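Results of the structural survey
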Amino acid sequence: MAYIVALTGGIASGKSTVADLFAARQIEIIDADLIAREVVEPGQPALATMRDYFGRHILLDNGQLDRKQLREIIFSDPKHKQWLNNLLHPLIQQRTQQKITQCSGQWCLWVVPLLVENQLQHLAQRVIVVDSEEEKQIERVYKRDSISRSQALAIIHSQATRQQRLAIADDIIDNNLSKSALAEKVSQLILTYNQLASEYKGRNL
Ligand SMILES: CC(C)(COP(=O)(O)OP(=O)(O)OC[C@H]1O[C@@H](n2cnc3c(N)ncnc32)[C@H](O)[C@@H]1O)[C@@H](O)C(=O)NCCC(=O)NCCS
Ligand SMILES: Nc1ncnc2c1ncn2[C@@H]1O[C@H](COP(=O)(O)OP(=O)(O)OP(=O)(O)O)[C@@H](O)[C@H]1O
């Protein structure tokens, strides 16, 4: 089994930006947000279950999930969020495990927003936390998705705190850095993980 490096952080902390820098260096990526999209594609049983629970209005005319609407529903009602998490998280976890066993490199990067919330850290050998100040997250999520300040805060407050994440971090990426400084940090981390993964392989032969 490959050495697994988990990459986590709050909403709009910069996980995808950092993951893209690893991917550009040919590191294999397993992305929980992408898997979360796969399990609700049209034709997937989970999408039909969600339509039955929330109603047909949760779908767009083309049958795809109306993500904006679902986001508004679940982050304004914890009961609905819990229902959705109970449905999707086991499915996401199952697919993630499959992909982890298929990782062909010496190590791979598992991008997992809810690592701390779902207490999944035991599934990785190393944890990177992308750390960002709350105001930066709000600003970036607004620029990227036009999410209002109050909705951004609702999402942030439904997630683990910065302190909870930092408490389990092996490596911290401060995402107040410029993108070029981030690339430099990623290059250093790759050298570290190449070494750690090769030692791990040696111990597990
Ligand atoms: C609510 C949905 C439709 C919003 O879709 P949207 O395209 O706007 O956002 P996207 O999927 O890219 O998620 C963006 C970020 O929102 C946060 N987030 C999403 N779901 C959750 C959740 N259940 N609890 C806390 N934060 C969440 C994460 O930081 C995530 O990285 C979507 O996030 C979703 O289906 N969520 C439930 C599945 C899930 O838990 N996914 C996140 C972890 S795999
Ligand atoms: N260091 C940075 N400098 C400037 N802009 C950045 C930086 N890091 C991220 N951004 C921008 O902030 C936004 C959020 O970043 P990104 O999508 O990487 O976060 P994320 O943690 O993957 O988000 P989500 O939790 O929503 O999936 C993006 O528009 C990205 O281009």
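Under the annotation held in an unreviewed UniProt entry, the protein carries the name Dephospho-CoA kinase and is attributed to Rosenbergiella nectarea. According to the UniProt record, the Subcellular location (unreviewed entry) comment for the protein is "Cytoplasm".

Assigned secondary structure in the protein consists of nine helices and five strands. In the protein, the succession of α and β elements from N to C terminus is β-α-β-α-α-α-α-β-β-α-α-α-β-α. Against the globule reference of 17 Å for 205 residues, the protein gives a C-alpha radius of gyration of 18 Å, in line with a compact fold. Taken along the three principal axes of its C-alpha coordinates, the protein extends 50 × 40 × 30 Å. For the protein, the residues scored as buried account for 42% of the 205 residues in total. In the protein, 74% of the contacts between residues at least 6 apart in sequence involve partners at least 24 apart.

Moving on, we come to the packing of helix α6 (residues 134–145) against helix α7 (residues 149–158). Contact pair α6 / α7: the axes reach a minimum separation of 10 Å and the direction vectors enclose 125 degrees. What the angle tells us is that α6 and α7 run oblique. You can see that α6 and α7 cross each other, and the crossing is right-handed. Judged by residue contacts, Glu134, Glu135, Gln137, Ile138 and Val141 of α6 engage Arg149, Ala152, Leu153, Ile156 and His157 from α7. Of the residues in the contact of α6 with α7, the class split is five nonpolar, two polar and three charged.

Summed over the entire model, instances satisfying the criterion amount to eleven salt bridges. The salt bridge partner of Glu72 is Lys68, with a shortest N-O separation of 3.2 Å. Here Glu72 and its partner Lys68 are both found in helix α4 (residues 67–74), four residues apart, which amounts to about one turn of the helix. What makes Glu72 partly exposed here is its relative accessible area of 37%. For Arg144, the salt bridge is made with Asp145, and the minimal N-O distance between the two is 2.8 Å.

On to the environment of Ile156. With respect to the helices and strands, the residue Ile156 is situated in helix α7. Remark: the alpha-carbon pair of Ile156 and Gln137, spanning 19 residues in sequence, is separated by 8.6 Å. Not counting the four nearest positions on each side in its chain, Ile156 is found in contact with Ile11, Glu134, Gln137 and Ile138.

This part takes up the site of ligand 2. Within the structure, ligand 2 sits among 15 residues, and Lys15, Ser16, Thr17, Arg144 and Asn175 are positioned closest to it. A distance of 2.7 Å is found between an oxygen atom of ligand 2 and a side-chain nitrogen or oxygen belonging to Lys15. Between Asp33 and ligand 2, the recorded distance is 3.4 Å, taken from a side-chain N or O atom to an oxygen atom. Bound to the protein, ligand 2 loses 77% of the 630 Å² it would expose on its own.

Glancing now at the packing of aromatic side chains. Inspection of every chain in the model, using the stated rule, returns six aromatic pairs. Centre to centre, the rings of Tyr3 and Tyr200 are 5.3 Å apart; their planes meet at 70 degrees, and the pair counts as edge-to-face. One end of the pair, Tyr3, is in strand β1 (residues 3–8); the other, Tyr200, is in helix α9 (residues 179–203), and 197 residues separate them in sequence. The exposure class of Tyr200 is buried, given its relative accessible area of 15%. Centroid distance Phe54 to Trp83: 5.4 Å. Interplanar angle 85 degrees. Geometry classified as edge-to-face. Of this pair, Phe54 sits in helix α3 (residues 45–54) while Trp83 sits in helix α5 (residues 78–102), placing them 29 residues apart in sequence. These aromatic residues form a ring-pair network of at least three members: Phe22, Trp107 and Tyr193.

Quick notes on the rules
- Residues numbered from 1 in each chain as written.
- Chains lettered and ligands numbered in written order.
- Predicted model: local features only at pLDDT ≥ 70, side-chain atom pairs only at ≥ 80, totals over all residues.
- Heavy atoms only, no water.
- UniProt positions renumbered as here; feature names shortened; annotations may be inferred.
- Helix = DSSP H or I, 4+ residues; strand = E, 2+ residues; numbered from the N terminus.
- Rg over C-alpha atoms; globule rule 2.2 N^0.38 Å.
- Buried < 20%, exposed > 50% of the residue type's maximum accessible area, 1.4 Å probe, protein only.
- Contact = heavy atoms within 4.5 Å.
- Axes fitted to C-alpha atoms, helices over the stretch in contact; angles between N-to-C directions.
- Parallel < 35°, antiparallel > 145°, perpendicular 65-115°, else oblique.
- Left-handed = near helix turned anticlockwise from the far one by under 90°.
- Nonpolar A, V, L, I, M, F, W, Y, C, P; charged D, E, K, R; others polar.
- Salt bridge = Lys/Arg side-chain N within 4 Å of Asp/Glu carboxyl O.
- Near = heavy atom within 4 Å.
- Polar contact = N/O pair within 3.5 Å; in protein donor to acceptor, adjacent residues only side chain to side chain.
- Areas by Shrake-Rupley, 256 points an atom, 1.4 Å probe, with all protein chains shown as cover.
- Phe/Tyr/Trp six-rings, centres within 6.5 Å; stacked < 30°, edge-to-face > 60°.

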